[in-house]
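Overview (structure and organization)
Read off the chains here:
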Amino acid sequence: MPHTHDASDSIDDALEASAAGVRALKISLFVLLGTTILQLAVVLISGSVALLADTIHNFSDALTAVPLWIAFILGRRAASRRYTYGLGRAEDLAGLFIVVVVALSAVVAAWQSILRLLSPHPLENLWWVVAAGIIGFAGNELVAIYRIRVGRRIGSAALVADGVHARTDGFTSLAVVVGAVGVMLGFPLADPIVGILISIAIIVLLIGTVRSIGRRLMDGVEPELVDRAEHAIRHVEGVRAIQELRLRWVGHRLQGDTAIVVADMPVSQAERVADEVAAQLAAHLPNADAIRVRTVSD
């Protein structure tokens, strides 16, 4: 007998999670745009291509907040006859867009650095370059901490990936400082070489991001979530075994179904067991929207 727990609380949770995601994107967008403007001003007075590469990437990172913002808004829409599961997948599609934008930023940064490597140009105001690199690191690290924290709390792989991306950007900003110090020590090619290294770091970062987003699109979930769900089910009195358990992410919300084996008992008692299983799953999987529970007699 199939049984589904009341999802009214999970709807409120989903709306609250989307609001938290949008708030995180708004704040991080303005922080990164402010960092980018400061870095661009230093690029104009110094001519550093390493800093230019970092500035381009920070700007692209700020822009990635826009498609995610749109995706969170779309994810709030109710399911329809065409999209019966809702539009939560828009979040994962936004993640793919982020991958494309970041890849393009890496290509532009590498191209500018190679040109400067072939045609060296003296740098000016190197201490301003050092300051801009430190500012870039601080801005990205603040954004990374905030995005990762909110992303993990609401279960958004795209937001967590964007936070990890921002953290890596912070270390590339520190690489700009290394390049400027190298120029100060009499090695003028340090600046374009660091620019190329930054581009390589961006590409390496993309590999992990593509895996994370791709896993979500293929209905992959973290094994520990399955372990947590199994633990919750097995501790319900009356459950003899778990015949089937399936979970999947739709955006930053979990959906799934399970078939549990119960002893031969009255229908009303089996329904109470299913109710308790649904309640335990909701308690152990706070990102769950609705878990369909079916009972099978032993």
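Labelled according to an unreviewed UniProt entry, the protein chain appears under the name Cation diffusion facilitator family transporter, originating from Lysinimonas soli. Reading the Sequence similarities (unreviewed entry) entry of the UniProt record for the protein chain gives the comment "Belongs to the cation diffusion facilitator (CDF) transporter (TC 2.A.4) family." Under the Subcellular location (unreviewed entry) heading, UniProt states for the protein chain: "Membrane".

Looking only at helices and strands, one finds 9 helices and 4 strands in the protein chain. For the protein chain, the sequential pattern of α-helices and β-strands runs β-α-α-α-α-α-α-α-α-β-β-α-β. The C-alpha atoms of the protein chain give 24 Å as radius of gyration, which overshoots the globular expectation for 298 residues (19 Å, by more than 25%). Based on the C-alpha atoms only, the size of the protein chain along its principal axes is roughly 85 × 30 × 30 Å. Here the protein chain holds 298 residues, and the buried ones make up 49% of them. Of all intrachain contacts in the protein chain linking residues separated by at least 6 positions in sequence, the fraction that spans at least 24 positions is 76%. For the protein chain, the exposed surface amounts to about 14,600 Å²; the carbon and sulfur share of it is 65%. Within the protein chain, the 28 negative side-chain charges are centred at a point lying 4 Å from the centre of the 25 positive side-chain charges.

On to the packing of aromatic side chains, then. Summed over all chains, the structure comprises 0 aromatic pairs. Of note, Arg216 hangs over the ring of Trp249, and the distance from its end group to the ring centre comes to 4.1 Å.

Under the counting rule described, the total for this entry stands at 8 salt bridges. Notably, a salt bridge pairs Asp92 with Arg89, separated by 3.6 Å at the nearest N-O pair. On the accessibility criterion, Asp92 (1% relative accessible area) is buried. The partner of Glu230 in a salt bridge is Arg234, and the shortest N-O contact between them spans 3.7 Å. Residue Glu230 and its partner Arg234 are located together in helix H8 (residues 223-234), separated by 4 residues, close to a single helical turn. Owing to a relative accessible area of 23%, Glu230 belongs among the partly exposed residues under this scheme. Exposure remark for Arg234: the relative accessible area of 53% places this residue in the exposed category.

Together, Leu117, Phe187, Ile193, Leu197, Ile200 and Val204 make up a nonpolar patch on the protein surface, roughly 520 Å² of accessible area in all. Inspection of the secondary structure puts Phe187 in the loop between helix H6 (157-184) and helix H7 (190-217). Under the relative-accessibility criterion, Phe187 is labelled partly exposed at 45%.

Using the criterion set out here, one finds 1 cavity of 30 Å³ or more in the structure. In this structure, the largest cavity spans a volume of roughly 60 Å³. Along its surface, the largest cavity is lined by 11 residues, and Ile98, Ala161, Asp162, His165 and Thr209 are the ones closest to its centre. Among the secondary structure elements, those contributing two or more residues to the lining of the largest cavity are helix H4 (90-118), H6 and H7. Taken together, the residues of the lining of the largest cavity break down into 7 nonpolar, 3 polar and 1 charged.

Rules used in this analysis
Residues numbered from 1 in each chain as written. Predicted model: local features only at pLDDT ≥ 70, side-chain atom pairs only at ≥ 80, totals over all residues. Heavy atoms only, no water. UniProt positions renumbered as here; feature names shortened; annotations may be inferred. Helix = DSSP H or I, 4+ residues; strand = E, 2+ residues; numbered from the N terminus. Rg over C-alpha atoms; globule rule 2.2 N^0.38 Å. Buried < 20%, exposed > 50% of the residue type's maximum accessible area, 1.4 Å probe, protein only. Contact = heavy atoms within 4.5 Å. Areas by Shrake-Rupley, 256 points an atom, 1.4 Å probe, with all protein chains shown as cover. Lys, Arg positive; Asp, Glu negative; His and termini not counted. Charge placed at Lys NZ, Arg CZ, Asp CG, Glu CD. Phe/Tyr/Trp six-rings, centres within 6.5 Å; stacked < 30°, edge-to-face > 60°. Lys NZ or Arg CZ within 6 Å of the ring centre and 35° of its normal. Salt bridge = Lys/Arg side-chain N within 4 Å of Asp/Glu carboxyl O. Patch = residues over 30% accessible without salt bridge, like charges linked within 9 Å, V, L, I, M, F, W, Y side chains within 5 Å. 1 Å grid on protein atoms, 1.4 Å probe; cavity = no way out; pocket = protein on both sides within 12 Å on 5 of 7 lines; lining within 4 Å. Points joined across faces, edges and corners; volume = space filled by probe spheres on them. Nonpolar A, V, L, I, M, F, W, Y, C, P; charged D, E, K, R; others polar.

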